[in-house]
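Listed below are the residues making up each chain.
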Amino acid sequence: MERWHCRARGQDASEPEEASPLDGHAKVLRRAGMAALVLWCVLLAALLFSCAAGTPPSAEDVEEAAAGASSPDDAVPEGSGNAAFEGDMPADAAGARGGGDVIRDGSVVYWADGAGIMRLALDGANEQEVAEEPQTDAEDPQQDAEPVRVYEGPASCLNISGDDLYAVVSAAQGDTRIVRLVGARGNDAPAVQEVYATTGTLTDMLVRDGWVYAACLMPDEDPKAVAIDLARLDTPPVEHAYPGATALSLFWDEGSLLVHATDGAGWRLDEYAGAMARQPDATPVTLLSGSGAAQCPSCDGSSLYQGEQGADGAVRFVRREFSGGFQEYAELASAGLTACDASGCVVVTNTGAIAWIAETTGFSHDLAPAIESVLGEVGPSTVRIEVEDGLLYLVAEQGLYTVDVASDQASAEALYEDAR
């Protein structure tokens, strides 16, 4: 799975004394002046060259060049073939992530509550505004937070790329669609753009490196994993068929697309390394496989967690490491929901159990005591879950909650509670 790291900037220990704020302002001014000088030199050279060639640039060309020189990260992807997407593709689409019902982007969290998509700025303010006064430790950072509904209608498989939000939604005519909510991070009513539509059912979706990957179950065709180029939406998607499969799930591991498929008689986990999934004739490598039906799979890039039905019809919940390790969890045999990140897997069973399995140790930790005091007994039909950066997010009728699964004293904390 993708891993995220933050690096703090520190002062140089060799500095003899703290710099004056005036010195800092002077440095900023000098740098700004040098940047402006370099920019105008570039533009002047372009003007002289163009005049010598007999094609003087227009005022619009000069303005666009200046804007491009000051914002190199906003460049349009080469070969973009869809006007609706030109100019606003994220510069680092590899930073896109997601695939579940809850996703966090810094101080902003989005979740699908069954009726639409909600956005909550955790600092209680518009995320684009700068606070005038520093916040003290005594202040509750969430006390004034109010959610905004940025999309009306059932949605799932939330992904973030740049300032845009992607989701799987249902159309009025029965089709399933992948849509892009343009500028959802700072817009209460973002424009909705259709990326892909199908008469089948989209069971999973990921946005990575300027591509959308989706798992599609078709009514009269083989199930398939599709790859859609966001820069060329007018071209047919790349399709990889899975004949006979009854369920498909997608995962991401360090630049590779993983496809989990089961047909009732067996299951397998395929890897499309690098950009292989974008090639129609690609042959994946099967990382893991087994007999019997599999259900509720989750994968963190090192292990596969899932329920497996044996020849006797009994279902067991297991962890299969890519390196060959195996572990069974009898108390989680009736798993109905799972969610993974690099720290491990959270499992919700049909009998009301909820546990976290640590990736590093394989040990199972009961989370019910941390949650029941706030939400009561939970089940697959009463909550939606997602795990990101070691935090469990739970969407319930009462609101949105989070649990630090690795804490010795884990407890459910409310990010938002519905006042109804």
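Above this text sits the structure in question.
Criteria and cut-off values
Just so you know, the residues in each chain are numbered from 1, in the order the chain's sequence is written. Only residues with pLDDT of at least 70 are given local features in this predicted model, and only at 80 or more are side-chain atom pairs given and counted; all residues enter the totals for whole chains, interfaces and linings. Working from all heavy atoms in the structure, the side-chain values ignore hydrogens and water. Helical segments are the DSSP runs of H or I of at least four residues, strand segments are the runs of E of at least two, and each set is numbered from the N terminus. In this description, contact between two residues means that some pair of their heavy atoms is separated by no more than 4.5 Å. The set of buried Ala, Val, Leu, Ile, Met, Phe, Trp, Tyr and Cys residues whose side-chain atoms join them within 4.5 Å is what this entry labels a nonpolar core. Here the term buried applies to any residue with accessible area under 20% of the maximum for its type, exposed to any over 50%, and partly exposed to those in between, with areas from a 1.4 Å probe on protein chains only. Residues enter a patch when their relative accessible area is above 30% and they make no salt bridge; the linking distance is 9 Å between like charges and 5 Å between nonpolar side chains (Val, Leu, Ile, Met, Phe, Trp, Tyr). Accessible surface area values rest on a Shrake-Rupley calculation with a 1.4 Å probe, where residue burial reflects the displayed protein chains alone. Salt bridge criterion: a side-chain nitrogen from Lys or Arg within 4 Å of a carboxyl oxygen from Asp or Glu. Lys and Arg are tallied as positive, Asp and Glu as negative. Neither His nor the chain termini are counted. Where a charge sits is defined by one atom per residue type, namely NZ (Lys), CZ (Arg), CG (Asp) or CD (Glu). Strands are labelled as partners when DSSP assigns at least two bridges between them. Here the axes come from fitting lines to C-alpha atoms, over the contacting stretch only for helices, and the angles between their N-to-C directions go from 0 to 180 degrees. Aromatic contacts are taken between Phe, Tyr and Trp rings whose centres are within 6.5 Å, Trp giving its six-membered ring; a plane angle under 30 degrees counts as stacked, one over 60 as edge-to-face, and the others as tilted.

### Quick look at the overall build of the protein
No. 1: Counting its regular elements, the protein contains three helices and 29 strands.
No. 2: Counting only contacts in the protein whose residues sit at least 6 apart along the sequence, the fraction spanning at least 24 positions is 45%.

### Regarding the nonpolar core
No. 1: Counting residues in each nonpolar core, the largest one holds 22 residues, and the members touching the most others are Val346, Ile354, Leu367, Ile371, Ile385, Leu392 and Leu394.
No. 2: Of the residues forming this core, the biggest block, four residues, is contributed by helix α3 (residues 368-375).
No. 3: Listed in part, the 18 residues of the second largest apolar core include Leu206, Trp211, Ala277 and Ala282.

### Digging into a negative patch on the surface
No. 1: Where like charges cluster on the molecular surface, the negative patch consists of Glu331, Asp366, Glu372 and Glu377.
No. 2: Of note, Glu377 is situated in the loop between α3 and β26 (384-388).
No. 3: The class for Glu377 is exposed, based on a relative accessible area of 59%.

### Re the pattern of salt bridges
No. 1: Using the criterion set out here, one finds 15 salt bridges in the structure.
No. 2: Linking Arg119 and Asp188 is a salt bridge whose minimum nitrogen-to-oxygen distance equals 2.5 Å. Taken as a pair, Arg119 in strand β4 (residues 116-121) and Asp188 in the loop between β8 (176-182) and β9 (191-198) lie far apart in primary sequence, 69 residues in all.
No. 3: A residue is classified by how much of its surface remains accessible, and Arg119, at 5% relative accessible area, is buried.

### Overview of the pairing of β4
No. 1: Of all six residues in β4, six are buried; the element is thus mostly enclosed.
No. 2: Alignment of strand β3 (residues 108-112) against β4, held across five bridges, turns out to be antiparallel. Bridge pairing in β4 places Ala112 opposite Ile117.
No. 3: Following β3, the chain reverses through three residues before pairing antiparallel with β4; Gly114 in that reversal takes a positive phi of roughly 100 degrees.
No. 4: One ladder, built from four bridges, connects β4 with strand β5 (residues 148-152); its direction is antiparallel. Considered in β5, the bridge of Met118 is made with Arg149.

### Considerations on the sheet that holds β26
In a beta sheet, neighbouring strands are held together by backbone hydrogen bonds and run either parallel or antiparallel to one another.
No. 1: Reading across from one edge, β26-β27-β28-β29 is the order of the four strands in this open sheet, with antiparallel pairing throughout. Strands with a single pairing partner mark the edges of an open sheet, and in this sheet they are β26 and β29 (413-417). Neighbour to neighbour, the strand axes of the sheet diverge by 20 degrees on average, direction disregarded.
No. 2: In this sheet, strand β28 (residues 399-404) lies alongside strand β27 (residues 391-396) in antiparallel orientation, the contact comprising six bridges. What sits directly across from Leu392, in β28, is Val403.
No. 3: Of the strands in this sheet, β27 and β28 touch α3, which is tilted by about 30 degrees from β27.

### Some remarks on the environment of Val192
No. 1: Here Val192 is to be found in strand β9.
No. 2: Using a relative accessible area of 41% as the deciding quantity, one classes Val192 as partly exposed.
No. 3: Sequence separation between Val192 and Val182 is 10 residues, and the spatial gap between their C-alpha atoms is 6.4 Å.
No. 4: Sequence-distant contacts of Val192, that is, excluding residues within four places in its chain, are made with Tyr151, Val179, Arg180 and Leu181.

### Points about the packing of aromatic side chains
No. 1: For the coordinates displayed, the defined rule picks out two aromatic pairs.
No. 2: Centroid distance Trp111 to Tyr416: 6.1 Å. Interplanar angle 35 degrees. Geometry classified as tilted. Separated by 305 residues along the polypeptide, Trp111 in strand β3 and Tyr416 in strand β29 bring together distant segments of the chain. Of the two residues, Trp111 and Tyr416, both sit in the buried class.
No. 3: Judged by centre distance (5.6 Å) and plane angle (35 degrees), the rings of Tyr213 and Trp252 are tilted. Of this pair, Tyr213 sits in strand β11 (residues 211-217) while Trp252 sits in strand β14 (residues 247-253), and the two are 39 residues apart along the sequence.
No. 4: The buried category is assigned to Tyr213, whose relative accessible area is 1%.

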